[in-house]
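Each chain is listed here by its residues.
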Protein chains: 2
Amino acid sequence: MAADHDAVLAANQALYDTFEARDPAAMEALWTGDGDIFCTHPGWPTLHGDEAVLRSWRSLLTNAQHLQFIVTNERAFVVGDAAWVTCDENILADGGAAGGTVAALNLFRRRADGTWQVVGHHGSPVAR
Amino acid sequence: MAADHDAVLAANQALYDTFEARDPAAMEALWTGDGDIFCTHPGWPTLHGDEAVLRSWRSLLTNAQHLQFIVTNERAFVVGDAAWVTCDENILADGGAAGGTVAALNLFRRRADGTWQVVGHHGSPVAR
């Protein structure tokens, strides 16, 4: 359904808005639900489970320099109560310096209340 | 269901067996079905659609040196007719030289006949 498609794209954008806002509690809320979660940050091994994934986000949101994401080429795919979005993260670091492009895949699972939980993220640097 | 879980893990292994066998027709069969497909090879931008994705596999299977994959840490997640597997691709090049580790996510969608179509692959090198 087009409504699902739009809701998944909005959930995807919320992930980047929350990163930019550097808000660990809001990030944790996006990932909270019934599904097992995993996360592969660029160059990292894959992390599994609430503890490891949420700790990584707290660390990134607390310690990393302020990053701005210009998200392009979003494409959403919905299969029942699962969904995924592919997109490009065009990253600007402090002062607007170009920080490269990350090819990203974000996975979502529909919660019982109809909202979409983030259950997976995989980002990898695109070689220039 | 445990049976779904096992079937998805078998479909995941088939992806690597087919890569090792360097068989473009078998690779194309794994990706064929109703779902839109995408593929993010390590360092590449994300490719979308049958033409671009299958061309990339033909090129890799025809031109790349012979690679052997020791796949570890497979974890399967099934949500209705969608599924994904995270795993590590431990790559051995010709002569058994270690070629590094790729963190991979493979996405699947259940076909009408109950088999699992590969609909997405995202691989990224793990920094040492």
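Residues numbered from 1 in each chain as written. Chains lettered and ligands numbered in written order. Predicted model: local features only at pLDDT ≥ 70, side-chain atom pairs only at ≥ 80, totals over all residues. Heavy atoms only, no water.

(A) Molecular detail of the overall build of chain A. For chain A, the helix and strand inventory stands at three helices and six strands. Taken from N to C terminus, the helices and strands of chain A fall in the order α-α-β-β-α-β-β-β-β. In summary, chain A has a C-alpha radius of gyration of 14 Å against a globular reference of 14 Å for 128 residues, a match within 12%. Along the first, second and third principal axes, the C-alpha atoms of chain A reach 40 × 30 × 25 Å. The buried share among the 128 residues of chain A stands at 47%. Side-chain charges of chain A comprise 8 positive and 16 negative groups, with the mean position of each set lying 4 Å from the other. (Helix = DSSP H or I, 4+ residues; strand = E, 2+ residues; numbered from the N terminus. Rg over C-alpha atoms; globule rule 2.2 N^0.38 Å. Buried < 20%, exposed > 50% of the residue type's maximum accessible area, 1.4 Å probe, protein only. Lys, Arg positive; Asp, Glu negative; His and termini not counted. Charge placed at Lys NZ, Arg CZ, Asp CG, Glu CD.)

(B) Up close: the pairing of strand β6 (residues 116-125) of chain B. Residue and element names in this part refer to chain B. Here β6 lies mainly inside the structure; nine of its 10 residues are buried. Here strand β1 (residues 38-40) pairs with β6 via three bridges, running parallel. Across the sheet, the residue bridging to Cys-39 is His-121, located in β6. Here strand β5 (residues 98-110) runs beside β6; their pairing, made up of nine bridges, is antiparallel. If you follow Arg-109 over to β6, its bridge partner there is Gln-117. Connecting β5 to the antiparallel partner β6 that follows it, the hairpin turn spans five residues, and Gly-114 within it adopts a positive phi of roughly 90 degrees. (Pairing = 2+ DSSP bridges.)

(C) Up close: the packing of aromatic side chains. All names here are of chain A. The final tally for this structure, using the stated rule, is 12 aromatic pairs over all chains. A centroid spacing of 6.1 Å and a plane angle of 45 degrees characterise the contact between Trp-31 and Trp-57, whose relative ring orientation is tilted. Of the two residues, Trp-31 is situated in helix α2 (residues 24-31) and Trp-57 in helix α3 (residues 49-63); the sequence distance between them amounts to 26 residues. Among the aromatic residues, those joined into a ring-pair cluster are Tyr-16, Phe-19, Trp-31, Trp-57 and Phe-69. (Phe/Tyr/Trp six-rings, centres within 6.5 Å; stacked < 30°, edge-to-face > 60°.)

(D) Structural context of the environment of His-66 of chain A. Residues and elements named next belong to chain A. Position of His-66 among the secondary structure elements: in the loop between α3 and β3 (68-79). Using a relative accessible area of 37% as the deciding quantity, one classes His-66 as partly exposed. Beyond its immediate sequence surroundings of up to four residues, His-66 is in contact with Glu-20, Arg-22, Leu-92, Ala-93 and Asp-94. Within the local environment of His-66, its side chain forms a polar contact with the backbone oxygen of Glu-20, the two atoms lying 3.4 Å apart. (Contact = heavy atoms within 4.5 Å. Polar contact = N/O pair within 3.5 Å; in protein donor to acceptor, adjacent residues only side chain to side chain.)

(E) Here's a closer look at the side chain of Thr-46 of chain B. Positionally, Thr-46 of chain B belongs in the loop between β1 and β2 (47-48). For Thr-46 of chain B, the residues in contact, after removing those within four places along its chain, are Thr-86 and Ala-103 of chain A together with Phe-38, Cys-39 and Thr-40 of chain B.

(F) Looking closely at the environment of Gly-114 of chain B. All names here are of chain B. Within the fold, Gly-114 resides in the loop between β5 and β6. The class of Gly-114 is partly exposed, set by a relative accessible area of 36%. Note: C-alpha distance between Gly-114 and Arg-128 (14 residues apart in sequence) is 39 Å.

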